[in-house]
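# Structural description and commentary
What follows is the residue order along each chain.
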There are 2 protein chains.
Amino acid sequence: MTNKPYSVAIIGLGAMGMGAAQSCVKAGLTTYGVDLNTTALEKLKQDGAYAVSQSAVDFADKLDAVVLLVVNAAQVNAVLFGENGLAEKLNKGAAVMVSSTISAQDAKEISQKLTNLGLIMLDAPVSGGAAKAAAGEMTVMASGSKQAFDKLQPVLDAVAGKVYNIGEEIGLGATVKIIHQLLAGVHIAAGAEAMALAAKAGIPLDLMYDVVTNAAGNSWMFENRMKHVVEGDYSPLSMVDIFVKDLGLVNDTAKSLHFPLHLASTAYSMFTEASNAGYGKEDDSAVIKIFSGIELPKKGA
Amino acid sequence: MTNKPYSVAIIGLGAMGMGAAQSCVKAGLTTYGVDLNTTALEKLKQDGAYAVSQSAVDFADKLDAVVLLVVNAAQVNAVLFGENGLAEKLNKGAAVMVSSTISAQDAKEISQKLTNLGLIMLDAPVSGGAAKAAAGEMTVMASGSKQAFDKLQPVLDAVAGKVYNIGEEIGLGATVKIIHQLLAGVHIAAGAEAMALAAKAGIPLDLMYDVVTNAAGNSWMFENRMKHVVEGDYSPLSMVDIFVKDLGLVNDTAKSLHFPLHLASTAYSMFTEASNAGYGKEDDSAVIKIFSGIELPKKGA
């Protein structure tokens, strides 16, 4: 590291990206924010970003690193290699941290294209939820070269509470994240199934929630998401459609490994049904709405 | 309460019952222990029990309360109403805390029989695992009369970190526990499915465990049970066959309520398959052994 200030652009200012960007600002990095949503851009500018824009191309030549927290592989590819793509405009040797949840295959293909342009990739999905992102305490499960880890050290220091070095091979980080999402998705669907059954049995859901969160049936996702069901608030922090995508990746991964997934395939069907029933843009806890014949708590009741 | 010492018998000295009995001793209650296993009886005697026996009938007339932590409703019925049954020999007004996981219907039938004998029942399943039981910090989810709660207050004070009063109706406690077990069982099966997929993908399981337990995919059961998989130690703390029984109760409950359970029915099949494959008496984490074509960690490796 020289004494030159370190410049990083966070691309995708959703729940996780906004927190990551704020953490970079707090850590003293020269932070750029990129999103199509101008409200998010204004917020980050007020929070101390050096500059914000709907396109990272505006400051591509100033960047040491880029963190991609967009929704899926198609968006990663569009940002980097699409029309007016960012990758060609970055300085040689710049590091690209791909933190979106994508398949191992997509991670490998993106890495190959970046390498061809003289850029360095870290396959670095994240977890932890919006609160941990805002606190600079995300969990990062990363694979890549030592050079990639070194170059991104200031960013990892800023955004992560824990960094796992899974190995050198690009794709390992993606795979670990996908297996993590298997658990996250099944836990939300199981929480919904349990709370729906409780509603049918006439158990007050706030009491059921309280029991579970104080007992061995608890999960991180149950505690976080079933609170939304108890409060009747399905404002999306993370949407049903995200889990249609992520559990789709889980099942694609299992298929490519010739491996059966009894529960994750079922959970995928539950989220897909919820999406088709019109709840795709609601909070992922809205998967509980696939169950008929029950009355759920209403917001403000 | 008078100043007369309070006498309680714990029947069933398995992982939870032993801890509950030790907690009663620590709290200063005159504690009796009952089990068929003489090793368990000797241990509890050494730990300070007033007396132990293979049959509670030996000291039935001395008891203020009985706590049943046997395996299932058949055992509860056998202890209370079988040949040389305990219920007829208890003093009128004694309290029977039924803490085994049983169906709401069984709880109601047992309560009716106890009431006919002038006894008081608390429908009071427990959770928390062996460590919490030993620490006197079980979670108790109970329903019953105020009289039942009052009479059992010294026991609840001794064994519970948290007591939920679900309502007066016998059966509500059982139902809440069964819904809790839906989550516990699905979480173990999901943990096994995720770790099996990680093994197939070539991810070291200790690393996968470390990532999940530091991220949003974690559950109480994942953290507790997948440790056994990582260590290759399937010594039973709670057996596969317990979840065949408990998820069977979950599915019976759903059937009686005319309610679909996508995930719990699948998890039930996974545990049943594990039992049929010969793993019924192993730790419930051995459900992972239903997956072929993977190599799992060996004990001491």
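Rules used throughout
Residues numbered from 1 in each chain as written. Chains lettered and ligands numbered in written order. Predicted model: local features only at pLDDT ≥ 70, side-chain atom pairs only at ≥ 80, totals over all residues. Heavy atoms only, no water. Buried < 20%, exposed > 50% of the residue type's maximum accessible area, 1.4 Å probe, protein only. Helix = DSSP H or I, 4+ residues; strand = E, 2+ residues; numbered from the N terminus. Pairing = 2+ DSSP bridges. Right-handed = clockwise from strand over helix to strand, strands pointing away. Domains from an automatic or database assignment. Contact = heavy atoms within 4.5 Å. Buried area = accessible area lost by both parts, 1.4 Å probe. Salt bridge = Lys/Arg side-chain N within 4 Å of Asp/Glu carboxyl O. Axes fitted to C-alpha atoms, helices over the stretch in contact; angles between N-to-C directions. Parallel < 35°, antiparallel > 145°, perpendicular 65-115°, else oblique. Nonpolar A, V, L, I, M, F, W, Y, C, P; charged D, E, K, R; others polar. Polar contact = N/O pair within 3.5 Å; in protein donor to acceptor, adjacent residues only side chain to side chain. Least-squares fit on C-alpha atoms with pLDDT ≥ 70 in both. UniProt positions renumbered as here; feature names shortened; annotations may be inferred.

Turning next to the pairing of strand S5 (residues 95-98) of chain B. All names here are of chain B. The two faces of S5 match: Ala95 and Met97 on one face and Val96 and Val98 on the other face are all buried. Relative to S5, strand S4 (residues 65-68) is paired through four bridges, and the arrangement is parallel. Bridge pairing in S5 links valine 67 to methionine 97. Taken together, S4, helix H3 (residues 73-81) and S5 form a β-α-β motif whose crossover is right-handed. In this sheet, strand S6 (residues 120-123) lies alongside S5 in parallel orientation, the contact comprising four bridges. The residue of S6 that forms the bridge with valine 98 is aspartate 123. Crossover handedness for the path S5 to helix H4 (residues 104-116) to S6: right-handed.

A separate point is the domain arrangement of chain A. All names here are of chain A. Each assigned domain of chain A is listed here: domain 1 (7-169) and domain 2 (175-290). Here the C-alpha centroids of domain 1 and domain 2 sit 27 Å apart. Listed per partner, the contact involves 14 residues of domain 1 and 12 residues of domain 2. At the boundary of domain 1 with domain 2, total buried surface from both sides reaches about 960 Å², with 70% on carbon and sulfur atoms. Sorting the residues of domain 1 by area buried against domain 2 places Val71, Thr101 and Met141 first, and these three jointly supply 42% of that buried surface. At the boundary of domain 1 with domain 2, the tally comes to zero salt bridges.

It is worth spelling out the packing of helix H3 (residues 73-81) of chain A against helix H4 (residues 104-116) of chain A at this point. Between two packed helices, both the angle of their axes relative to each other and the distance between the axes serve to describe the pair. Residue and element names in this part refer to chain A. Interaxial distance between H3 and H4 falls to 11 Å at its minimum, and their mutual angle equals 5°. On the basis of their axis angle, the class for H3 and H4 is roughly parallel. On the side of H3, the interface is formed by Ala73, Val76, Asn77, Leu80 and Phe81, while H4 contributes Asp106, Ile110, Lys113 and Leu114. The residue makeup of the contact of H3 with H4, split by class, is six nonpolar, one polar and two charged.

Further remarks concern the interface of chain A and chain B. Across the contact, 59 residues belong to chain A and 59 residues belong to chain B. Taking both sides of the interface into account, the surface hidden between chain A and chain B amounts to around 5000 Å²; carbon and sulfur atoms contribute 78%. Interface area lost by chain A to chain B is led by Leu197(A), Phe259(A) and Leu263(A), which between them contribute 14%. Inspection of the chain A/chain B interface yields zero salt bridges. The interface formed by chain A and chain B includes 22 residue pairs in polar contact (both at pLDDT 80 or more). Classifying every residue of the side of chain A that touches chain B by side-chain character gives 39 nonpolar, 16 polar and four charged.

So, on to the relation of the copies chain A and chain B. Relating one copy of the chain to the other takes a rotation about an axis and a shift parallel to that axis. The two copies are related by a screw motion: chain A maps onto chain B through a turn of 180° and a shift of 0.0 Å along the axis, at an RMSD of 0.0 Å. Such a combination of rotation and displacement between the chain copies is what one expects of a two-fold axis. Within chain A, the C-alpha atom positioned nearest to the axis of rotation is that of Ser219(A), 1.9 Å from it. A shared binding surface is used by both copies, with 100% of the interface residues of chain A retained as interface residues in chain B.

Our focus in this paragraph is the UniProt feature "active site" (unreviewed entry) in chain A. Residue and element names in this part refer to chain A. In the numbering used here, UniProt assigns the "active site" (unreviewed entry) feature to Lys177. Its place among the elements puts lysine 177 in helix H8 (residues 172-200). Taking relative accessible area as the criterion, lysine 177 reaches 6% and is therefore assigned buried. If near-sequence neighbours (up to four positions away) are discounted, lysine 177 is found in contact with Thr101, Pro125, Val126 and Met141. At a separation of 2.9 Å, a polar atom in the side chain of lysine 177 contacts the main-chain carbonyl oxygen of valine 126.

Turning next to the UniProt feature "domain: 3-hydroxyisobutyrate dehydrogenase-like NAD-binding" (unreviewed entry) in chain A. Per the UniProt record, the feature "domain: 3-hydroxyisobutyrate dehydrogenase-like NAD-binding" (unreviewed entry) sits at residues 171-290 of chain A. Split by type, residues 171-290 of chain A is 71% helix and 0% strand. Its first and last C-alpha atoms lie 34 Å apart.

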